[in-house]
Amino acid sequence: MALPITNGTLFMPFVLTFIGIPGFESVQCWIGIPFCATYVIALIGNSLLLIIIKSEPSLHEPMYIFLAMLGATDISLSTSIVPKMLEIYFDACLFQMWLIHTFQGIESGVLLAMALDRYVAICYPLRRAIVFTRQLVTYIVVGVTLRPAILVIPCLLLVKCHLKLYRTKLISHTYCEHVALVKLATDDVYINKVYGILGAFIVGGLDFIFITLSYIQIFITVFHLPLKEARLKVFNTCIPHIYVFFQFYLLAFFFIFYSQIWILYPIIYQAH
């Protein structure tokens with residue numbers, strides 16, 4: 001329930017309604033089938049990955065620990081997005097937004113940790129066991145978890161405490177996320193926009209830069225190896241991570257480009 005205000009605005013809608021993918025409302029039930037199938041496949045595949053890594057002692061190394069964390073995060077992220085109802089309470093929507101952006105940030109941090117592990121293993125192979133100790137791996141796991149979890153909290157507070165009036169309770173999305181929710185507000189959302197961009201850069205942007213720099217150094221080291229077979233063998237150890245890296249960040253950049261145009265244009269316009 002929402003309290004109506006003048007000019008058709010609503011004061012803090014009690015319940016929000018998802019309308020799904022804009023333009024495909026008439027076929028939402030059919031679109032849900034491949035999404036559900038993809039969720040089940042991801043759930044089964046990542047669960048098997050976790051079981052294999054846990055049951056095989058030889059896989060209890062930093063790279064596979066990070067891979068297991070990536071699989072667990074993927075399960076958590078998918079579970080927080082896919083199973084939901086058509087309506088959601090406003091506070092529950094904020095909680096879902098926190099979960100989604102936190103898990104996305106964790107995935108980005110794990111990819112960075114995996115790139116650093118490859119960097120040390122290839123560029124400084126004799127120091128890897130000394131550098132990537134169990135204690136360091138624990139610190140990395142805690143760090144990549146707390147960083148997005150803490151950075152997303154101000155987004156929730158800004159929405160909850162700063163945005164009071166909304167033009168509608170209909171969300172043009174299939175789940176709650178920051179941009180979709182802020183778009184509903186009629187209040188001044190400049191602070192929300194700036195912090196959203198800043199948070200995205202601190203997590204995804206910096207991770208992307210450091211991962212790219214790590215692989216530039218890795219490629220330089222690989223190309224200086226004297227034997228072609230050695231170069232191919234070392235490069236093959238990086239292919240799975242490179243594939244996951246491009247898959248994650250291409251999707252992330254597509255979403256950011258699609259959503260941040262709405263955020264960046266007014267900011268640039270006001271600056272001029």
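Residues numbered from 1 in each chain as written. Predicted model: local features only at pLDDT ≥ 70, side-chain atom pairs only at ≥ 80, totals over all residues. Heavy atoms only, no water.

Novice: Please give an account of the state of the cysteines that cites residues and values.
Specialist: Here the structure, examined in full by the defined rule, presents one disulfide. The disulfide that involves Cys93 links it to Cys176, with 1.9 Å between the sulfurs. Handedness of the Cys93-Cys176 disulfide follows from its S-S torsion of about -120 degrees: it is left-handed. A residue pair is termed long-range when its members are at least 10 positions apart, and Cys93 in helix H3 (residues 90-123) and Cys176 in the loop between strand S6 (170-171) and helix H6 (178-182) qualify at 83 residues. Across the pair, Cys176 and Cys93 agree in class, each one buried. Free of any disulfide, Cys123 has its nearest cysteine sulfur in Cys238, 9.1 Å distant. The exposure class of Cys123 is buried, given its relative accessible area of 18%. (Disulfide = S-S within 2.5 Å. Helix = DSSP H or I, 4+ residues; strand = E, 2+ residues; numbered from the N terminus. Buried < 20%, exposed > 50% of the residue type's maximum accessible area, 1.4 Å probe, protein only.)

Novice: Kindly report on the UniProt feature "transmembrane region" (unreviewed entry) in the chain, identifying the contributing residues and their values.
Specialist: As annotated in UniProt, the feature "transmembrane region" (unreviewed entry) corresponds to residues 7-24, 30-52, 64-83, 95-116, 136-159, 194-227 and 248-268 in the numbering used here. Within residues 30-52, the helical portion is 100% and the strand portion 0%, while the C-alpha atoms at the span's ends are 34 Å from each other. Secondary structure across residues 194-227 divides into 88% helix and 0% strand, with the first and last C-alpha atoms of the span separated by 50 Å. (UniProt positions renumbered as here; feature names shortened; annotations may be inferred.)

Novice: Which residues make up the sheet that holds strand S3 (residues 15-18), and what values do they have?
Specialist: Strand order across the open sheet formed by three strands is S4-S3-S6, with mixed pairing between neighbours. The sheet is open, and its two borders are formed by strand S4 (87-89) and S6, each paired with just one other strand. When S3 meets S4, the two strands line up antiparallel, connected through three bridges. Considered in S4, the bridge of Leu16 is made with Ile88. Against the sheet, H3 contacts S3, S4 and S6, and its axis sits at roughly 90 degrees relative to S4. (Pairing = 2+ DSSP bridges. Contact = heavy atoms within 4.5 Å. Axes fitted to C-alpha atoms, helices over the stretch in contact; angles between N-to-C directions.)

Novice: Go over the nonpolar core with me, naming the residues and quoting the values.
Specialist: If you look at the biggest cluster of nonpolar residues, it comprises 33 residues, and the most contacted ones within it are Phe66, Val110, Leu111, Met114, Ile211, Tyr215 and Ile218. Of all the elements in the fold, those that place two or more residues in this core are helix H2 (62-81), H3, helix H5 (134-162), helix H7 (190-223) and helix H8 (228-271). In terms of residues, this core owes the most to one element, H3, which gives 13 residues. If we ignore the near neighbours within four places in the chain, the residues touching Ile218 are Ala115, Arg118, Tyr119, Ile122, Cys123 and Cys238. Listed in part, the 22 residues of the second largest apolar core include Leu16, Phe18, Leu163 and Ile171. (Core = buried A, V, L, I, M, F, W, Y, C linked by side-chain atoms within 4.5 Å.)

Novice: Summarise the pairing of S3; cite the residues concerned and give the values.
Specialist: Side-chain alternation along S3 places Val15 and Thr17 on one buried face and Leu16 and Phe18 on a second face that is also buried. For S3 and S6, the ladder comprises two bridges, and the chain directions are parallel. The residue of S6 that forms the bridge with Thr17 is Leu170.

Novice: Which residues make up the pattern of salt bridges, and what are the values?
Specialist: What the rule picks out here adds up to four salt bridges. A salt bridge links Lys160 to Asp91; the shortest N-O distance between them is 2.7 Å. With a gap of 69 residues between them, Lys160 in helix H5 and Asp91 in helix H3 connect regions that are remote in the sequence. Asp91 sits in the partly exposed class, given a relative accessible area of 46%. Among the ionic pairs, Arg147 bridges to Asp207, the shortest N-O distance being 2.7 Å. In this pair, Arg147 is assigned in helix H5 and Asp207 in helix H7, connecting sequence segments 60 residues apart. Sharing partners across several salt bridges, the network here consists of Asp117, Arg118 and Arg128. (Salt bridge = Lys/Arg side-chain N within 4 Å of Asp/Glu carboxyl O.)

Novice: Outline H5, supporting the account with residue identities and numerical values.
Specialist: Taking 1.5 Å as the rise per residue, H5 with 29 residues should run 42 Å; its terminal C-alpha atoms sit 43 Å apart, in good agreement. Looking at the packing, one finds that the buried side of H5 touches H2, H3, strand S5 (165-166), H6 and H7. (Expected span 1.5 Å × (residues − 1).)

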